[in-house]
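Observations on the three-dimensional arrangement
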Amino acid sequence: MALKTIDLTAQLRRIEFLVPGLFPLGYVSFLAAREGVGKTLLSAALAWQMTRPDGRGEFLGQPVKRGHVIYLNTDAADGEARSVRFWLEQHKAAYPDGDMDGVTVLESTGAGLTPEELEQLLTLAREKEAVCIIIDSFMATFPGLDSNKLDQAMRPMLALRAFAAQTGAVVIVIDHLPKKAANEREGDRGVMGSTGKTAQARSVHLLTRVPPKEVEGREVLRWEVRKNSFAKSGYALGIEVDRIEDEDGRVSAVHLEVCDLPAEEDTRDTRGDRAKAAVLSLLIDKPGQPLTHAELLATAIKGGNVKERSAKQAVKEALGTLGAQVEIMQLPKRGAPRVYTYRPEFALEDMPPIAQDVPAPVASRPLEEVLTW
């Protein structure tokens, strides 16, 4: 293991965003949804807006940094990337001032992405000076892994984290949401698989569909900012999809507009949910750091604007979600107060030697050293 001393007197590098408040440059972000909701539609929209002239690109009501996009399509690979190209064409019809040469679409010729192919992707990103790399999707790109097992999920995540750090680009990973259980709302359990995946990301976004009956039959999607290490999180916004059809009834163009969520949707996004999300974010963003129950409680109260009773329930649910990944200790003080430490390694059994070497600063290590899946 190599340790590096950080010069705290040096000027702190400013965090830049691809889209203000959404996707920080140089880091991994997640966008997750159930199948057929609109992951490719939205990610292709972002890619196309990045090809428009400076000052014209926008995404979800925010300006977009112009730059080259690499779109790795493994989720619906057919040799032609028809699904990605279809949506790029629809966005082009709506905004014809973009440039198809600003997007490179790739498909893996095998089952998923090999470590060698990821190195090829890194080389291409450097040659193109790519600003954004979209990987659609995690499941199809790394099909041989059990993403529910932390040690297996961490391998590609460490490689992607190094990839983002070495290129300075945003790496957006498209992923899936688990099927909801009874009495759950879509997205309540977050991104499918181990929390180790999203722990390595600096922003996590969930996309769900608003029932048409709640929005007068319109097509409205709910974009939730579940986690954001460098900006505001714990809020949701609505996106209305306006599909323009030609004389034959085929979609010829598509517009996306930010809209208000229905009152029922706002109610379902309870303060308790936001309180729980705030506690989860605090624990996951501070691995190895002991946090008192009072700190968790204060975070829940502030994050959800709830009273103490509701905050206690939110803390309980957050700890239950992380389960064995939280170490609980009692301090030798009056009342034996408890402290909670998020330790994702607690979920590992028989950790392979390669994974034990990861504490070294990822950005300073050769990418091939973390290509181990």
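Refer to the structure presented above.
Reference entry: report on the structure contained in this document. What you are looking at is a predicted structure, and each value in this text was computed from that prediction instead of being measured.

**Side note on the sheet that holds strand E14 (residues 291-292)**
Read from one edge to the other, the open sheet built from three strands follows the order E14-E16-E15, with strand pairing classed as antiparallel. Every interior strand has two partners, whereas the edge strands, E14 and strand E15 (326-330), have only one. The pairing of E14 with strand E16 (residues 338-342) spans two bridges and is antiparallel. Its bridge partner lying in E16, Thr 292 is registered against Val 339.

**Remarks on a negative patch on the surface**
Taken together, Glu 245, Asp 246, Glu 247 and Asp 248 make up a surface patch of like negative charges. By secondary structure assignment, the location of Glu 247 is in the loop between strand E12 (235-245) and strand E13 (251-259). For Glu 247, a relative accessible area of 82% gives the class exposed.

**Focus: helix H5 (residues 150-167)**
Because an α-helix completes one turn every 3.6 residues, residues spaced three or four positions apart along the sequence face the same direction. If you check H5, its first and last C-alpha atoms are 26 Å apart, about what 18 residues at 1.5 Å a residue would give, namely 26 Å. A positive phi of about 75 degrees marks Gly 168, the residue just after H5.

**Some details on helix H9 (residues 293-304)**
Helix length check: H9 (twelve residues) gives 16 Å between terminal C-alpha atoms against 16 Å at 1.5 Å per residue, within 8%. Buried residues of H9: Leu 296, Leu 297, Ala 300 and Gly 304, and no others. Seen end-on, H9 carries its buried residues on one side only, within an arc spanning 100 degrees. Opposite the buried face of H9, at more than 90 degrees from it, the exposed residues are Ala 294 and Lys 302. Residues of H9 that are buried make contact with helix H8 (271-285), E14, helix H10 (308-322) and E16. At the exit of H9 stands Asn 305, carrying a positive phi of roughly 55 degrees.

**Concerning the nonpolar core**
Counting 43 residues, the largest nonpolar core has Leu 18, Phe 23, Leu 42, Leu 46, Phe 59, Ile 172 and Trp 223 as the members making the most contacts within it. Among the elements that make up this core, the one with the highest residue count is helix H1 (residues 39-49) (seven residues). For Ile 172, the contacting residues outside a window of four places in its chain are Phe 23, Ser 29, Leu 31, Leu 46, Cys 132, Ile 133, Ile 134 and Ile 135.

**What to know about the layout of surface pockets**
With a probe scaled to a water molecule rolled over the atoms, the places where space remains empty come into view. Within this model, the second largest pocket holds a volume of roughly 720 Å³. Asp 188, Arg 189, Gly 190, Arg 226 and Leu 280 are, among the 32 residues lining the second largest pocket, the residues nearest its centre. Among the secondary structure elements, those contributing two or more residues to the lining of the second largest pocket are helix H6 (195-199), strand E11 (220-228), H8 and H10. Broken down by element, the lining of the second largest pocket gets its largest block of residues, seven residues, from H8. A breakdown of the residues in the lining of the second largest pocket according to their chemical character gives nine nonpolar, ten polar and 13 charged.

**Describing unusual backbone geometry**
The linkage connecting Asp 136 with the following residue, Ser 137, adopts the cis geometry, with an omega of 10 degrees. Residue position: Ser 137 is located in the loop between strand E8 (132-136) and helix H4 (138-141). At Glu 216, a residue that is not glycine, the phi angle is positive and equals roughly 55 degrees. Take Glu 216: it is sitting in the loop between strand E10 (203-209) and E11.

**Considerations on the sheet that holds E11**
Taken together, nine strands build an open sheet; the order of strands is E7-E6-E8-E9-E3-E10-E11-E12-E13 and the sheet is mixed. Since the sheet does not close on itself, it has two edges, and those belong to strand E7 (103-106) and E13, each with one partner. Between one strand axis and the next, the sheet turns by 20 degrees as a mean value, whatever way the strands run. Bridge count between E10 and E11: seven bridges; the pairing is antiparallel. By the bridge assignment, Ser 203 is partnered in E11 with Asn 228. The strands touched by H5 within the sheet are strand E3 (28-33), E8 and strand E9 (170-176), with E3 carrying the most contacts at an inclination of about 125 degrees.

The rules behind each value
Residues numbered from 1 in each chain as written. Predicted model: local features only at pLDDT ≥ 70, side-chain atom pairs only at ≥ 80, totals over all residues. Heavy atoms only, no water. Pairing = 2+ DSSP bridges. Helix = DSSP H or I, 4+ residues; strand = E, 2+ residues; numbered from the N terminus. Patch = residues over 30% accessible without salt bridge, like charges linked within 9 Å, V, L, I, M, F, W, Y side chains within 5 Å. Areas by Shrake-Rupley, 256 points an atom, 1.4 Å probe, with all protein chains shown as cover. Salt bridge = Lys/Arg side-chain N within 4 Å of Asp/Glu carboxyl O. Lys, Arg positive; Asp, Glu negative; His and termini not counted. Charge placed at Lys NZ, Arg CZ, Asp CG, Glu CD. Buried < 20%, exposed > 50% of the residue type's maximum accessible area, 1.4 Å probe, protein only. Expected span 1.5 Å × (residues − 1). Arc of directions from axis to C-beta. Contact = heavy atoms within 4.5 Å. Core = buried A, V, L, I, M, F, W, Y, C linked by side-chain atoms within 4.5 Å. 1 Å grid on protein atoms, 1.4 Å probe; cavity = no way out; pocket = protein on both sides within 12 Å on 5 of 7 lines; lining within 4 Å. Points joined across faces, edges and corners; volume = space filled by probe spheres on them. Nonpolar A, V, L, I, M, F, W, Y, C, P; charged D, E, K, R; others polar. Axes fitted to C-alpha atoms, helices over the stretch in contact; angles between N-to-C directions.

So far we have only geometry, and geometry alone does not tell us how the molecule works.
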